[in-house]
Amino acid sequence: MANVIVNRVKEFLKRFPPFTFLNDASLGLVAKGVEVKYFAQEEYLFKQGDPAQDFFFVLKEGSVQLTESKEGQDRVVEVCDEGDVFGVLALLGKRPYILNARAIEDSLIYAVPVAIFEKILNENSRVSLYFAAGFASGQVVVRTDLSQSQKARRDFTELSKDNGLMIFSGQSDLNFSIDVLTCPKGTPISKAVEKMAEKGVGSIVIVDHNHFPLGIITDKDIRNKLVAQQKSYETPVEDLMSAPVLTKRKDAGFAELYLTMIKNRLHHLIFTEDGSLESKVTGILSDHDILLSQGNSPAVLINALMNTWEVSEMSKIRNRAEMLLKYYLENEVAMDFVANIISEINDIIIQRAVQLAVKKHSPNHLEASKVKFCFLSMGSEGREEQLLRTDLDNSIVFEDVPEEKIEDTKAYLLLIAQEVIETLFACGFQACPADMMANNPKWCQPLSVWKSYFSDWILSPNQQALLNATIFFDYRPVFGHKKLADELTAHIYQEVADRTIFLNFLAKNALLNPPPLGFFRNFLVEKSGEQKDKFDIKLRAMMPLADIARLLVLSHRVVGINNTFKRFEKLSELEPNYTELLIEAGKAYEILMRMRAIEGLKSGNSGRYIHPEDLGKLQRQMLKNTFAPIDELQKIIRIRFQLDFFTG
């Protein structure tokens, strides 16, 4: 499980500079050394004058305020939010802190050990540039060591060979906004903020009567200069704007634009007709746009998704994720990492889709929109295993409401569900053939109905109930009130505990598809139909393993682990007599996932059916080797659940 945590830390850090600039090995080293710290509201991380700790900090969740104490008063310097780096003086000779850092909300912090990061700082010019340009929150950090400048210059030259980033090659495909949000001098900040919210952007340019740029206001300015200082919302924008602004022509070279932003610690660069302050605004370049120019890294795609509300853009990003998946598969990247990344991308798309739907429909359903609900992914996506854009399984659970409100609540949430499904279709996902989707009224229900569903399946486990169990028992909350899902989970485990015979039915179901071990020269293939002479990797190899993992996890009452190979990882700890076998089962499932995804990308389909003759010798042997742990585990289950004597 430690590897899972490290991968999640890596996944988070990779979204934010300077960690964006690290290779996988360096990022892994940093992630392994990170300490997760919790600070309660009003608790200090450090105070001005305190000796530097052995860490610098990255804000994971919550909010941290940086203040300067002077003449008995605290002045707010900055308010840090997700991904902000601060407390970096620990990197520079352990000088005392020059600011206070106080949690203004309950906050989770990643503490990055200086001992690990110093070597990276000295060797990675992009990282040292990040600090030298003062991108860390709260203070500008300046290095005067000329040897570092020489090293940085050499590194920049080498970067032109880096096809992944192409930062200084001049070949990057740079996109920027030409539809710039502006407002005239004298506009109250309340009006400016309203315009920013309407357009869903994080900045507004203040212009004069000629549409020449005077300054810029960003979300950070609003936090630090307006909210933190408790100024009136009628304050004119010129009192809060950052000015003067730096301007360039939009046809300037990528390297020039990038270095201008780095050297001047800019998050936005404004384009004008002739590149000067005395000409009209024609565009704006953000550090987000710079990030997008760096290719198809997970950081780029995740960051891009988190900064768009356009379905068409989300669709393009998901297409790019397919290219990333192909690269990962070809380069044998660890499957748990691949699954985490693709699942995170899928999750963000779903979250964005729900948020868009709520924004669209809630004004016309004011009462229903107040009802708490949770959007659940099920099946392979619920297990964080849906690498390809195959069919969708999802549902909605909402809090119990009075009988007279049920109809209106369901009508509203079905509208939400329909919007989400259409967004997912637009992003290339397919419909569930069995219609197990949230826009089906049967699968959009209050908590009490969901509890009755699961109780019925557990108490009366006919074939349909067991089929439902294999899909619905793997649900995972993706958006909304997670406590609803937690309450449902608690109900399920209680019902299973009271009706253990259900596990016998589930075990019997897990043995329906024995592995084709007898076919040493040929695989067990489909005898007829469209898939004649092809091997069904899902039915004959993946499903048996997924069913076994689910069964054993339920029997051990393990909550919160849905992914099949992570389930086997946990089970290997819980069952020391079978540790090696369970680890092998997890590896087998990873191999099968990879093979199916490769087949799907090659064939442009779900990858479920593989033609054995198309596999190389080693691939065929590897596939056959995955059958062995299935066979052994099915024998154990047959004995453990007494299936030879079970006639249910």
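Our subject is the structure listed above.
Description of the structure in this document. (Residues numbered from 1 in each chain as written. Predicted model: local features only at pLDDT ≥ 70, side-chain atom pairs only at ≥ 80, totals over all residues. Heavy atoms only, no water.)

1. A look at the overall build of the protein chain
Quick reminder of the rule: Only DSSP runs of H or I covering at least 4 residues are called helices, and only runs of E covering at least 2 are called strands; the numbering of each starts at the N terminus. Between buried and exposed lies partly exposed: a residue is buried under 20% and exposed over 50% of the maximum accessible area for its type, with that area taken using a 1.4 Å probe on protein chains only. By definition, residues are in contact when any of their heavy atoms lie within 4.5 Å. To be clear on the numbers: accessible area is Shrake-Rupley with a 1.4 Å probe, and residue cover counts the displayed protein chains and nothing else.
A count of helices and strands for the protein chain gives 23 helices and 20 strands. For the protein chain, the residues scored as buried account for 53% of the 648 residues in total. Contacts in the protein chain between residues at least 24 apart in sequence constitute 71% of all its contacts with a sequence separation of at least 6. Of the accessible surface of the protein chain, which amounts to about 29,800 Å², a share of 51% is contributed by carbon and sulfur atoms.

2. With respect to the sheet that holds strand β15 (residues 373–377)
This is how it is decided: Being paired, for any two strands, means DSSP has found at least two bridges between them. Only the stretch in contact is used when fitting a helix axis, every axis being a line fitted to C-alpha atoms; angles between N-to-C directions are given from 0 to 180 degrees.
One open sheet holds the 4 strands; their spatial order is β17-β16-β15-β18, and the pairing between them is mixed. Because the sheet does not close on itself, it has two edges, and the strands there are β17 (444–446) and β18 (476–480). Neighbouring strand axes in the sheet, compared pairwise and without regard to direction, differ in orientation by 30° on average. Across 3 bridges, the pairing between strand β16 (residues 394–398) and β17 is parallel. Looking at β17, one finds that F398 is bridged to P446.

3. Some details on the packing of helix α18 (residues 501–510) against helix α19 (residues 537–555)
Rules: Our angle categories are set so that under 35 degrees counts as roughly parallel, over 145 as roughly antiparallel, 65 to 115 as roughly perpendicular, and the remainder as oblique. Handedness of a crossing follows from how the near helix is turned relative to the far one, being left-handed for an anticlockwise turn of less than a right angle and right-handed for a clockwise one.
Running from amino to carboxyl end, α18 crosses α19 at an angle of 165°, the nearest separation of the two axes being 9 Å. Our classification of the angle between α18 and α19 gives roughly antiparallel. Handedness of the α18/α19 crossing: left-handed. Residues L503, L506, A507, N509 and A510 of α18 pack against D547, I548, L551, L554 and S555 of α19.

4. Some details on the packing of aromatic side chains
Each aromatic ring pair is summarised here by two numbers: the centre-to-centre distance and the angle between the ring planes. Note the cut-off: Think of it this way: a Phe, Tyr or Trp ring, Trp meaning its six-membered ring, pairs with another when their centres are within 6.5 Å, and the plane angle makes it stacked under 30 degrees, edge-to-face over 60, tilted otherwise.
Tallied over the entire structure, the rule returns 27 aromatic pairs. Between W443 and Y453, the ring centres sit 5.7 Å apart and the planes meet at 75°, which makes this aromatic pair edge-to-face. Here W443 is found in the loop between α14 (403–426) and β17, whereas its partner Y453 is found in helix α15 (residues 447–459), with 10 residues between them in sequence. With a relative accessible area of 15%, Y453 lands in the buried category. Consider the rings of W450 and F454, whose centres lie 6.2 Å apart with planes at 35°: the pair is tilted.

By themselves, these figures tell us nothing about what the structure is for.
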